[in-house]
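If you want the building blocks of each chain, they are given just below.
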Amino acid sequence: MNSQINFQDFFKNQYLDVEFTNNLSVGDILAVLTLSLLLGLFIFYIYKKTFKGVLYTQSFNISLVMVTLVTALIILTISSNLILSLGMVGALSIVRFRTALKDPIDIVFMFWAIAVGVANGAAFFSISIIGSIFIAATLLVMTKYKTINSPFLLVINYNTDDESYFETYLQELKNTIKFSGIKSKIQNNDMVELTIEIRLNDKTMTKLNQLNDKDFIKKTSLISYSGDYVS
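Residues numbered from 1 in each chain as written. Predicted model: local features only at pLDDT ≥ 70, side-chain atom pairs only at ≥ 80, totals over all residues. Heavy atoms only, no water.

Colleague: Explain the packing of helix H2 (residues 26–50) against helix H5 (residues 104–121) here, please?
Modeller: Between two packed helices, both the angle of their axes relative to each other and the distance between the axes serve to describe the pair. Running from N to C, H2 and H5 point in directions that differ by 165°, and their axes come no closer than 10 Å. With respect to each other, H2 and H5 are oriented roughly antiparallel. The chirality of how H2 crosses H5 is right-handed. Residue-level contacts link Val-32, Leu-35, Ser-36, Leu-39, Phe-42, Ile-43, Ile-46, Tyr-47 and Thr-50 of H2 to Asp-106, Phe-109, Trp-112, Ala-113, Val-116, Asn-120 and Gly-121 of H5. In terms of residue class, the contact of H2 with H5 is made up of 11 nonpolar, 4 polar and 1 charged. (Axes fitted to C-alpha atoms, helices over the stretch in contact; angles between N-to-C directions. Helix = DSSP H or I, 4+ residues; strand = E, 2+ residues; numbered from the N terminus. Parallel < 35°, antiparallel > 145°, perpendicular 65-115°, else oblique. Left-handed = near helix turned anticlockwise from the far one by under 90°. Contact = heavy atoms within 4.5 Å. Nonpolar A, V, L, I, M, F, W, Y, C, P; charged D, E, K, R; others polar.)

Colleague: What exactly am I supposed to notice about H5 here?
Modeller: Each turn of an α-helix holds 3.6 residues, which means side chains three or four residues apart point in the same direction. With 18 residues, H5 ought to run about 26 Å at 1.5 Å a step, and its terminal C-alpha atoms sit 27 Å apart, in line with that. Taken residue by residue, H5 has Asp-106, Phe-109, Trp-112, Ala-113, Val-116, Gly-117, Ala-119, Asn-120 and Gly-121 as its buried positions. Among the residues trailing H5, Ala-123 stands out with phi positive, at a value near 70°. (Expected span 1.5 Å × (residues − 1). Buried < 20%, exposed > 50% of the residue type's maximum accessible area, 1.4 Å probe, protein only.)

Colleague: Please clarify how the nonpolar core should be interpreted in this entry.
Modeller: One broad trend across soluble globular proteins is that nonpolar side chains are buried collectively. In this structure, Ile-156, Phe-166, Tyr-169, Leu-173 and Ile-198 are the most contacted members of the largest nonpolar core, which totals 17 residues. Breaking this core down by element, the ones donating at least two residues are strand E1 (150–159), helix H7 (163–176) and strand E3 (191–200). It is E3 that contributes the most residues to this core, 5 residues altogether. Counting residues in each nonpolar core, the second largest holds 14 residues, with Ile-43, Ile-46, Tyr-47 and Phe-109 among its members. (Core = buried A, V, L, I, M, F, W, Y, C linked by side-chain atoms within 4.5 Å.)

Colleague: How should I be thinking about H7 in this particular structure?
Modeller: When the terminal C-alpha atoms of H7 are compared, their 20 Å separation across 14 residues agrees well with the 20 Å that a helix rising 1.5 Å per residue should span. For H7, the set of buried residues is Phe-166, Tyr-169, Leu-170 and Leu-173. On an axial view of H7, the arc spanned by its buried residues comes to 105°, and they lie on one face. Pointing more than 90 degrees away from the buried face of H7 are the exposed residues Thr-168 and Asn-175. (Arc of directions from axis to C-beta.)

Below is the structure:
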C-alpha cells in the first residue's frame, strides 16, 4: 500500500469532498438579513442627516442599504464552502464600478455599508452594531463642528483706471481679514474681475462690508464654498 500522499490528494481529501450544504436555517438567514436591513436603514438616515454636499442623491443612499444586504448575502453564501468562496472571489474580481463618487465622504459610507454586511454575514453582530453606533456618533459630532474661519470666495469688479485705488484697498483687506490668496484675475476691456479666497467669521464680516463700501468698486460677490475651486 502506497502511504505517500501528494499535495493534490491532500487538497482533494480536505476540500473537494466537502458537501455543498449550508447548516444555516431559514430563521438564521432571515435574522441576518433583517439586522442588515435595519443597520442599512440606519446608515441611510445618518447619510441623509450628515449630508453637506451640493446635491443630495437619494438613489445613492438607497444603494447603501442594498449594498449592506447584498454583502451579507454573499458572505452567508461563501462562508460554508471554501471552493465556492474562491469561485465567488474570482467572479467578483471582474466586476468594475464606473460610477464616480462626487464627495469623498461617500466612500466612507460605501465602506461602512460593506463592513456591516461582512460582519453580519459572518455572524459578528456585536461588531456591526457597536461599530455602526460609534461611526454614526463620530460623523454627527464632526459634521456639527463649525470652523471659526469659514472659507469664502470674494469676487470684486472694478475699473482698470482705478488700479491704484484698488491696490490700496487690497492691502487694507489683507490687514483686516485673513487673506488666503488670489484665485483668478479676469480682465475684459476696461473691467477687471478678481476672485480672492478669504476666511471670515461674524466679526470680520462687518469689517468686510465697510471695506467694500468704496466708490471705485463696481460690484462685489461673496460665495461660500467647500475649498475646491477650478479657475
